[in-house]
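Analysis of the macromolecular model
Chain by chain, the residues:
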Amino acid sequence: MPEMTLIDAIREAMDEELARDERVFITGEDVGPRGGVFRATMGLYDKYGPDRVIDSPLAELSIVGIGIGAALAGMRPICEIQFADFIHPAFNQIISEAARMYYRSNGEWTVPLVIRSPYGGGIGGGLYHSQSVEAFFAHVPGLKVVIPATPRDAKGLLKSAVRDPNPVLFFEPKKGYRLIRGEVPEGEYTVPIGPANVTREGDDLTVYAYGMMHYYTLQAAEQVAAQDGIQCEVVDIRTLAPLDRETVLGSFRKTGKALIVYEDNRFLGYGAEIAAILSDEGFEYMDGPIRRLAGPDVPGVPFAHSMERFFMPGVEKIADAIRELAAY
Amino acid sequence: MSLTKEQKLEAYRLMMLIRRFEEKCAELYAAGDIGGFLHLYIGQEAIAVAARYALRPDDNLITAYRDHGVALARGLPTRNVMAEMLGKATGVSKGKGGSMHLADKEKRFWGGWAIVGGHLPLAAGIALADQYRGEDRITMAFMGDGSTNIGYFHEALNLSGVWKLPVVWVIENNQYGMGTAVTRASAVSDLVQKAEAYGMPCCVQVDGMDLLAVYENFVEAAGYVRSGEGPFLIEAITYRYRGHSMGDPERYRPVHEVEAKKADDPIDRWGAHLLEEGLATREDLEKIDEDVDLEIEDAVEFAKNSPDPAPEELYTDVYV
């Protein structure tokens, strides 16, 4: 199997879907000749032309609004929002329109739309280029929220997202675009939206994570195994909404201890819901406090390198949290 | 493309149907049969009815929350629209939508939308799909005067201008965004002037109380847009006789203003036109009025006798 970076896998998914289905088109700011701010769409404009890789004005609500309208009318748009921090002007379109369309039309209208957006900190982007926004959208039924952690999943899940009849928010850990490398199967394959993935087996405790935090969690798990003999099970959530409750609960029933790692602000972040589900439905199996390791509750990811490091959960913080929980 | 005699008479019937439908809704609201919020189209009937004849049945139509009249003019069944008003299982959205969210996929009526201006980018997207596939369909997007001041309007119209999308943008300027007069909310009072900023050379202001004038301008705009020239903006000057919604105390406008506008009533004007042209007699018009009354009574009976949605319907149609 060839090895590739996360961003190359994402580009390959879009390339294959554009080739497979004429209804698929890409729109967003500078997705055309420039190839996108992170080069995710590099080369696609030359290959598929300006009608299918469409530069939009700098106007997020209409990038998404156009996508919803076109999806309603039978197209399969992929809308790129340059940074997740910029998605807020389109919030109403996503919540009030995309999420509700199928419901309000009693099952007649579907919105087969993908909104791709890089999220997260760790690259010195500062207050408006580092945000994690998944909790806002995972809160709303009708939307699917996907965050890949490996190149294999990124490609397979994005292809599934394009083919999904529901609106899918596809958030990509930008810190990992070129840092995360991995094997990707040759030829056509998809990874289904829905199932979480147990990416490391262990009996002592379960760590739940997604995206960049999953990447760090696997490293932390190896570290505590080597140094402390702690065997973690790691669950990559992958599809944040709708959640694979069975896999999440299944691992907890086995280990009885849970650490949830996410980069977003801790308060009311995505991990809070996982914690609530585990305590509610897994109480009989509980063998320690359900712990969260998350970003601190400050309004944004600060710019200064030292402060950003303080903000971000990383391998060492995760390893420490694992040790503390394992000691219970 | 002028209206045939049959269309002219049918247009009268449709305007009267909308008028009586809305009056009946007001009654049902007062009686507690219709809940929530109710925005009546009375006074604006000519605009929706003109669109019926200016558009092809396969063209797209989308509007804001004051949508009952637009839905009826598009041909949504009176019974099922009334049932939706009452939140019944037989409503056009099985009771999930209600008054502000009528829609019909088959008729390419893409709905009423309750977030002011939110539907404008959608209209551009629907038009983009047609342009992409090389279809010669157009999209007509209705909006109120209030929506021309929100960001959606700017982004959607700009984008339609840049990409030359086949959209006829129609501002139904009924003079008030809720209780705020146009001049207090928009820096220009001739809203059609806004087209200039989006590269739309063809923009028209029309008397929205004059069915024929609206129709002729819609036909011209539709032809222009269908030829691939790009979008077109029309401002139809109209007036709503009722408040913004039921229970509006209407402190923002004097009673004599409303009464003066009623002298310019679009249905009276169209009826007089039909008589003048010898296309109908007074008896013919009275017969149409009676038929409309019967149709409304039938729709109310249908709606009242329809079942409420079953509780399990709450969880249907969340995901495909």
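Presented here is a report on the structure given in the accompanying data block. (Residues numbered from 1 in each chain as written. Chains lettered and ligands numbered in written order. Predicted model: local features only at pLDDT ≥ 70, side-chain atom pairs only at ≥ 80, totals over all residues. Heavy atoms only, no water.)

**As for the overall build of chain B**
- Secondary structure summary: chain B contains 11 helices and seven strands in total.
- Along the longest, intermediate and shortest principal axes, the C-alpha atoms of chain B span 55 × 50 × 40 Å.
- In chain B, buried positions account for 56% of the 320 residues.
- In chain B, once contacts between residues fewer than 6 apart in sequence are set aside, the share between residues at least 24 apart is 75%.
- For chain B, the computed accessible surface area is about 12700 Å², with 51% contributed by carbon and sulfur atoms. (Helix = DSSP H or I, 4+ residues; strand = E, 2+ residues; numbered from the N terminus. Buried < 20%, exposed > 50% of the residue type's maximum accessible area, 1.4 Å probe, protein only. Contact = heavy atoms within 4.5 Å. Areas by Shrake-Rupley, 256 points an atom, 1.4 Å probe, with all protein chains shown as cover.)

**Notes on the sheet that holds strand β10 (residues 205–209) of chain A**
All names here are of chain A.
- Strand order in this open sheet of five strands is β9-β11-β10-β13-β14, and the pairing throughout is mixed. Since the sheet does not close on itself, it has two edges, and those belong to β9 (197–200) and β14 (291–295), each with one partner. Along the sheet, successive strands turn relative to each other by an average axial angle of 25°, direction set aside.
- Bridging between β10 and strand β13 (residues 258–265) involves three bridges; their strand directions are parallel. Each residue of the ladder has a partner; that of tyrosine 208, found in β13, is isoleucine 260.
- Along the sheet face, helix α10 (residues 270–281) touches β10, β13 and β14 and points at about 155° away from the line of β13.
- Strand contacts of helix α12 (residues 315–326): β10, β11 (232–236), β13 and β14, with the helix running at about 150° to β13, the strand carrying the most contacts. (Pairing = 2+ DSSP bridges. Axes fitted to C-alpha atoms, helices over the stretch in contact; angles between N-to-C directions.)

**Concerning the layout of surface pockets**
Residues and elements named next belong to chain A.
- Of the voids in this model, the largest pocket is the one considered here, and its volume is about 420 Å³.
- Around the largest pocket, the lining comprises 18 residues; the ones closest to its centre are Ala138, His139, Leu240, Tyr270 and Glu273.
- Those elements giving two or more residues to the lining of the largest pocket turn out to be α6 (134–138), β12 (239–241) and α10.
- Classifying every residue of the lining of the largest pocket gives 14 nonpolar, two polar and two charged.
- Viewed by domain, the lining of the largest pocket spans two of them, domain 1 (3–183) and domain 2 (197–326), each represented by three or more residues. (1 Å grid on protein atoms, 1.4 Å probe; cavity = no way out; pocket = protein on both sides within 12 Å on 5 of 7 lines; lining within 4 Å. Points joined across faces, edges and corners; volume = space filled by probe spheres on them. Nonpolar A, V, L, I, M, F, W, Y, C, P; charged D, E, K, R; others polar. Domains from an automatic or database assignment.)

**Things to note about the side chain of A:Thr27**
- With respect to the helices, strands and loops of the structure, A:Thr27 is situated in strand β2 (residues 24–28).
- For A:Thr27, a relative accessible area of 1% puts it in the buried group.
- What A:Thr27 contacts, discounting residues up to four positions off in sequence, is A:Ile54, A:Ser56, A:Ile63, A:Ile78, A:Cys79, A:Glu80 and B:Trp163.

**A closer look at the sheet that holds strand β3 (residues 53–55) of chain A**
Residue and element names in this part refer to chain A.
- Spatially, β3-β2-β4-β5-β7-β6-β12 is the arrangement adopted by the seven strands of the open sheet, whose pairing is mixed. The open sheet has two free edges, formed respectively by β3 and β12, since each of these has just one partner strand. Direction aside, the axes of adjacent strands within the sheet are offset by 20° on average.
- Relative to strand β7 (residues 168–173), strand β5 (residues 114–119) is paired through six bridges, and the arrangement is parallel. Bridged to serine 117 within β7 is phenylalanine 171.
- Seen against the sheet, helix α1 (residues 6–20) touches β2, β3, β4 (76–80), β5 and β7 and runs at an angle of roughly 130° to β2.
- Its contacts with the sheet place helix α3 (residues 60–72) against β2, β4 and β5, and it is angled at close to 170° to β4.

**Details of the pairing of β2(A)**
Residue and element names in this part refer to chain A.
- Burial analysis of β2 places five of its five residues in the buried class, which makes it a mostly covered element.
- Both faces of β2 are covered, namely the face carrying Val24, Ile26 and Gly28 and the face carrying Phe25 and Thr27.
- Both β2 and β4 contribute to a ladder of five bridges, which runs parallel. In the sheet register, glycine 28 faces β4, and the bridge partner there is glutamate 80.
- In terms of strand pairing, β2 meets β3 through three bridges, oriented parallel. What sits directly across from isoleucine 26, in β3, is valine 53.

**Some words on the interface of chain A and chain B**
- With 45 residues of chain A at the interface, the matching set in chain B holds 39 residues.
- Here chain A packs against chain B, burying approximately 3500 Å² in sum over the two surfaces, 66% of which is carbon and sulfur.
- Of all residues in chain A, A:Tyr103, A:Arg104 and A:Trp109 give up the largest surface area on contact with chain B, accounting jointly for 23% of the area buried on that side.
- Seen at the junction of chain A and chain B, the total is zero salt bridges.
- Put simply, chain A and chain B have 19 residue pairs in polar contact (both at pLDDT 80 or more) between them.
- Every element with two or more residues in the side of chain A that touches chain B is listed here: β2, β3, α3, α4 (91–98) and α5 (101–104) of chain A.
- Looking at which element gives the most residues to the side of chain A that touches chain B, the answer is α3(A), with nine residues.
- Within the side of chain A that touches chain B, the residues separate by chemical class into 21 nonpolar, 14 polar and 10 charged. (Buried area = accessible area lost by both parts, 1.4 Å probe. Salt bridge = Lys/Arg side-chain N within 4 Å of Asp/Glu carboxyl O. Polar contact = N/O pair within 3.5 Å; in protein donor to acceptor, adjacent residues only side chain to side chain.)

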